[in-house]
Amino acid sequence: MNREELAARIDHTVLGPETTPADVERVVEEATEYGMNVCIPPCYVADVRSYAPEDLTVATVVGFPHGQHERHAKASEARVAYADGADELDVVTNVGRLKAGELDAVRDDLAAVVDATPLPVKVIIETPLLDDDEKREACQAAVDAGADMVKTATGFSEGGATVPDVELMREYLPVKASGGVGDYEDARAMFDAGADRIGASSGVNIVETFEG
């Protein structure tokens, strides 16, 4: 993997509750300079599409950060994001229903988002809150819902991507490792474990610390 290939596998991210338009503009500028993708709050997608390069891949989130939005609200969010120009959707699993054993409801919740638009959907399973059996159930729900990828975490729970979690999740779907990936060594560990993408607010540092 060279530096350009690495950058193309990073979703440079800004999703905090205090994210301003200026924060998003900075992330877009950095992603454009380094050849990364971006993952931004849904309220800024239309703004970004008004000034960002057309070839910039823009991901946004659905049901973020807790996954407890009502199913039709999540589907509506997805449709709005699509209309605003998003290229990919990262949707949060309803962890409460998963832990309650309501696996059909979890699957149907995700399927409503998958079916709402033609966009690729990554399912955030929030690994720091789950045991291994629950992680497997969440990944299977994502498969059954027709999702394209699974993603480790939102970054809003304590903990983030780990090698064992990526190895477990890759048995089901391609994996986006997100949460706690701060430099190239962290990213390389995730790629070696089988991750296909990285989600990180430190995308610039990951690329700059790359050693080919």
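It should be emphasised that the depicted structure is a prediction, and the values quoted were computed from it without experimental measurement.

## A look at the state of the cysteines
Two cysteines form a disulfide when their sulfur atoms are joined by a covalent bond. Applying the stated criterion across every chain, the model contains 0 disulfides. A disulfide-free cysteine, Cys 39 has its sulfur positioned 12 Å from the sulfur of Cys 43, the nearest such atom. Here Cys 139 stays unpaired: no disulfide links it, and the sulfur of Cys 39, its closest cysteine neighbor, is 18 Å away.

## A closer look at the pattern of salt bridges
In total, this model carries 19 salt bridges according to the counting rule given. For Asp 87, the salt bridge goes to Arg 49, with nearest N and O atoms at 2.3 Å. Of this pair, Asp 87 sits in the loop between helix H4 (71-84) and strand S4 (88-92) while Arg 49 sits in helix H3 (residues 45-51); the two residues are 38 residues apart in sequence, bridging distant segments of the chain. The class for Asp 87 is partly exposed, based on a relative accessible area of 29%. Classification of Arg 49 by relative accessible area gives partly exposed; the value is 25%. In this structure, Asp 132 engages Lys 135 in a salt bridge whose closest nitrogen and oxygen atoms are separated by 3.3 Å. Of this pair, Asp 132 and Lys 135 are both found in helix H7 (residues 132-145), 3 residues apart, which corresponds to roughly one turn of the helix. A relative accessible area of 43% places Asp 132 in the partly exposed class.

## Focus on the nonpolar core
Ile 40, Val 123, Val 150 and Ile 198 are the most contacted members of the largest nonpolar core, which totals 66 residues. Among the elements that make up this core, the one with the highest residue count is helix H6 (residues 103-116) (7 residues). In terms of nonpolar packing, the next biggest core, distinct from the first, is built from 7 residues, Cys 39, Val 61, Val 92 and Ile 124 among them.

## Here's the deal with the pairing of strand S8 (residues 197-200)
Neither face of S8 is exposed, since Arg 197 and Gly 199 on one face and Ile 198 and Ala 200 on the opposite face are all buried. Inspection of the sheet shows strand S7 (residues 175-178) paired to S8 by 3 bridges, in the parallel sense. Following the sheet pairing, Lys 176 is matched in S8 by Arg 197. Once the chain exits S7 it traverses helix H9 (residues 184-193) before rejoining the sheet at S8, and the crossover so formed is right-handed.

## A few points about the sheet that holds strand S3 (residues 58-62)
With parallel pairing, the 8 strands of this closed barrel are ordered in space as S1-S2-S3-S4-S5-S6-S7-S8. Along the sheet, successive strands turn relative to each other by an average axial angle of 25 degrees, direction set aside. Both S4 and strand S5 (residues 121-124) contribute to a ladder of 4 bridges, which runs parallel. Following the sheet pairing, Val 92 is matched in S5 by Ile 124. In the packing of helix H2 (residues 21-34) onto the sheet, contacts are made with strand S1 (10-13) and strand S2 (37-40), and the angle to S2 comes to roughly 165 degrees.

Reading the values: the criteria
Residues numbered from 1 in each chain as written. Predicted model: local features only at pLDDT ≥ 70, side-chain atom pairs only at ≥ 80, totals over all residues. Heavy atoms only, no water. Disulfide = S-S within 2.5 Å. Salt bridge = Lys/Arg side-chain N within 4 Å of Asp/Glu carboxyl O. Helix = DSSP H or I, 4+ residues; strand = E, 2+ residues; numbered from the N terminus. Buried < 20%, exposed > 50% of the residue type's maximum accessible area, 1.4 Å probe, protein only. Core = buried A, V, L, I, M, F, W, Y, C linked by side-chain atoms within 4.5 Å. Pairing = 2+ DSSP bridges. Right-handed = clockwise from strand over helix to strand, strands pointing away. Axes fitted to C-alpha atoms, helices over the stretch in contact; angles between N-to-C directions. Contact = heavy atoms within 4.5 Å.

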